[in-house]
Amino acid sequence: MNDKRDMTGSDEKAANAMWGGRFAAGPSAIMREINASIPFDKALWRQDIAASKAHVAMLGVQGIIAGEDALVIANGLDAVAAEYETDGVPEDWDREDIHMTTEARLAELIGPVAGRLHTARSRNDQVATDFRLWVRDAFAELGAGLAALQQALVTRAGEHAADIMPGFTHLQTAQPVTLGHHLMAYYEMFRRDRARIADATARMNECPLGSAALAGTGFPIDREATAQALGFDRPTANSLDAVSDRDFALDYLWCCSSTALHLSRLAEELILWASQPFGFIRLPDSLSTGSSIMPQKKNPDAAELVRGHSGRVIGALTSLMITMKGLPLAYSKDMQDDKPPVFEAAGLMGLSIAAMTGMIAGATFNTARMRAAAEMGYATATDLADWLVRARGIPFREAHHITGAAVKLAESRGIALDQLPLADLQAIDGRIDDSVFEALSVDASVAARASYGGTAPDQVRLQVTRAARALGLEE
């Protein structure tokens, strides 16, 4: 809650107790409000409890605190976690953040022994550990969401491996491709995104706990033990770097931004395809909206919001980069602002990926309309040029010129290239014979693109099989 009571009486005493004996008076109301992070860092409570339990267990094993005290504290932390799970984390701004909120509640439950929990650690290494744990979980959720989206893409690509549509460059009809090939292009984009997630997860999986404020600690702690207990590969190697590093958060936001760019591109295509001039796709009603004034409208709002969310995600990355760009070692309070952009991006990405997965899985593709658009867009012009090179030995630049004349003639008559009479083609160049028509249909065009990674249906099916195997969809 945004409690703006004056800092007097018991409130001032509570603040003084938290800050220690250094200050004669509590913070001003302004300082109290600008300093409190509990409204957003309460999201770290599970990680804070887990890291505290690992830390206190290590303290007990090492004999830094008594074993019975370590057990009392661990049980008390479990009780605090149960309260948070049931009632949520209370927002008492006098306690600033999730760390002090948890420690204060622990003291209320078990008494002064709670004060031993903070031995050999600082809030600096505490928050660095909690935040890494949270981001590690967020990476896992991002990767799982993308895997589900890839499964939807692969499934639909398999269904439409041979269905022909126009391929575009500059949003102009270029060459015919298959719908399955087009969908698999996005599978590949998201495959790279998942690879970046895996790389970043492996890189960040080092534990800052035990770095203390910035210089380590004189207590005989076992950092390997706490790292192992929390699922990290190893402890961080430099205490200064450990408490001031937020590269893992920047890596997460970069992975989100890269993924958001790809989602936005796919969303834009769905928006175009769902428009009446294209008519390539019908999006599911459950992910569309109507108009308050135009009853005929079916708006692709989910796709538009996915496209729009990409800007906010990229903004979150920019925000944190700007925050971190000029900070000296080690911890500075600016770093309190590291979490809101990460939390916002994570929420937006979860929604965006779920919406896109639903749209791909539930879409109805108008393959007849797609084929007609490919046939009318002179998409086989390159095939005519290639035939002239292959069958008649004509240099490609000359073949390009001949093909341009044929396209101009077909366009003037409003017909496809393969509908031009042979006599008209021979009037353009006498070396053309009726075998050219074997190359001019859209079916022949896509079938000819049988190089590895090409749009030929057999190649698309090969890539679908490979992708399904990678996703665990096939035995």
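Conventions and cut-offs
- Residues numbered from 1 in each chain as written.
- Predicted model: local features only at pLDDT ≥ 70, side-chain atom pairs only at ≥ 80, totals over all residues.
- Heavy atoms only, no water.
- Helix = DSSP H or I, 4+ residues; strand = E, 2+ residues; numbered from the N terminus.
- Rg over C-alpha atoms; globule rule 2.2 N^0.38 Å.
- Buried < 20%, exposed > 50% of the residue type's maximum accessible area, 1.4 Å probe, protein only.
- Lys, Arg positive; Asp, Glu negative; His and termini not counted.
- Charge placed at Lys NZ, Arg CZ, Asp CG, Glu CD.
- Phe/Tyr/Trp six-rings, centres within 6.5 Å; stacked < 30°, edge-to-face > 60°.
- Lys NZ or Arg CZ within 6 Å of the ring centre and 35° of its normal.
- Expected span 1.5 Å × (residues − 1).
- Contact = heavy atoms within 4.5 Å.
- Axes fitted to C-alpha atoms, helices over the stretch in contact; angles between N-to-C directions.
- Parallel < 35°, antiparallel > 145°, perpendicular 65-115°, else oblique.
- Left-handed = near helix turned anticlockwise from the far one by under 90°.
- Salt bridge = Lys/Arg side-chain N within 4 Å of Asp/Glu carboxyl O.
- Core = buried A, V, L, I, M, F, W, Y, C linked by side-chain atoms within 4.5 Å.

Summarise the overall build of the chain; cite the residues concerned and give the values.
Scanning the chain from N- to C-terminus turns up 20 helices and 6 strands. Its C-alpha atoms give the chain a radius of gyration of 31 Å, more than 25% over the compact-globule value 23 Å for 475 residues. Seen through its C-alpha atoms, the chain measures out along the principal axes to roughly 100 × 55 × 45 Å. Split into buried and exposed, the 475 residues of the chain put 48% on the buried side. Positive and negative side-chain charges of the chain, numbering 45 and 61 respectively, have mean locations separated by a distance of 3 Å.

I'd like a rundown of the packing of aromatic side chains, residues and numbers included.
One pass over the structure, following the stated rule, counts 8 aromatic pairs. Between Trp273 and Phe280, the aromatic rings sit 6.2 Å apart at their centres with planes inclined by 55 degrees, giving tilted as the arrangement. With respect to burial, Trp273 and Phe280 carry one shared label: buried. Ring centres of Phe278 and Phe280 lie 5.3 Å apart, and the angle between their planes is 85 degrees; on these two criteria the pair is classed as edge-to-face. The residues Phe278 and Phe280 share a single accessibility class, namely buried. One residue, Lys339, lies across the ring of Phe131, its end atom 5.4 Å from the ring centre.

Can you break down helix H20 (residues 457–470) residue by residue, with the values?
Taking 1.5 Å as the rise per residue, H20 with 14 residues should run 20 Å; its terminal C-alpha atoms sit 20 Å apart, in good agreement. Listing the buried residues of H20 in full gives Pro457, Gln459, Val460, Gln463, Val464, Ala467 and Ala468. Among the structural elements, helix H7 (123–159), strand E2 (172–178), helix H8 (179–204) and helix H19 (442–448) are those in contact with the buried residues of H20. Looking at the residues trailing H20, positive phi occurs at Gly472, about 80 degrees.

Before we move on, could you go through the packing of helix H4 (residues 45–61) against helix H6 (residues 98–110) and cite the residues and values that matter?
Relative to each other, H4 and H6 sit at 60 degrees, their axes nearing to 10 Å. Relative to H6, the element H4 is oriented oblique. As for how H4 packs across H6, the hand of that crossing is right-handed. On H6, the residues touching Trp45, Asp48 and Ile49 of H4 are Ile98, His99 and Thr102.

Talk me through unusual backbone geometry; I want residue IDs and the actual numbers.
The omega torsion across Leu329 and Ala330 is 5 degrees, close enough to zero to call that bond cis. With respect to the helices and strands, Ala330 occurs in the loop between helix H12 (301–324) and helix H13 (339–362). Even without glycine at this site, Ala212 takes up a positive phi of about 60 degrees. For Ala212, the position within the fold is in the loop between strand E3 (206–207) and helix H9 (223–229). A relative accessible area of 8% means that Ala212 is categorised as buried.

Outline the pattern of salt bridges, supporting the account with residue identities and numerical values.
Scanning all chains against the criterion turns up 30 salt bridges. Taking the shortest distance from any N to any O, the salt bridge between Arg461 and Asp458 comes out at 3.4 Å. With Arg461 and Asp458 both in helix H20 and 3 residues apart, the pair spans about one turn of that helix. Classification of Arg461 as partly exposed rests on a relative accessible area of 41%. Residue Asp458 is classed as exposed on the basis of its relative accessible area, which comes to 60%. A single salt-bridge network, built from bridges that share partners, covers Glu83, Arg95, Arg105 and Glu108.

Go over the nonpolar core, please, and point to the residues and values.
Core analysis: the biggest nonpolar cluster contains 96 residues, and Tyr252, Trp273 and Met356 have the highest contact counts within it. At 14 residues, helix H11 (residues 247–274) tops the list of elements feeding residues into this core. Apart from residues no more than four positions distant in its own chain, Tyr252 is found in contact with Val135, Ala138, Phe139, Leu142, Val342 and Ala346. Of all hydrophobic cores here, the second largest spans 19 residues; its members include Ala381, Leu384, Val436 and Leu440.

Describe the side chain of Asn124, listing the residues and the values that go with them.
With respect to the helices, strands and loops of the structure, Asn124 is situated in helix H7. If near-sequence neighbours (up to four positions away) are discounted, Asn124 is found in contact with Ala212, Ala213, Val243 and Tyr331.

Help me get a handle on the environment of Val342, residues and values and all.
Relative to the helices and strands, Val342 resides in helix H13. According to the relative accessible area criterion, Val342 is buried, its value standing at 0%. Along the chain, Val342 and Phe131 lie 211 residues apart, while their C-alpha atoms are 10.0 Å from each other. Look past the residues within four positions of Val342 in its chain and what remains in contact with it is Phe131, Trp134, Val135, Ala249, Tyr252, Leu253 and Leu320.

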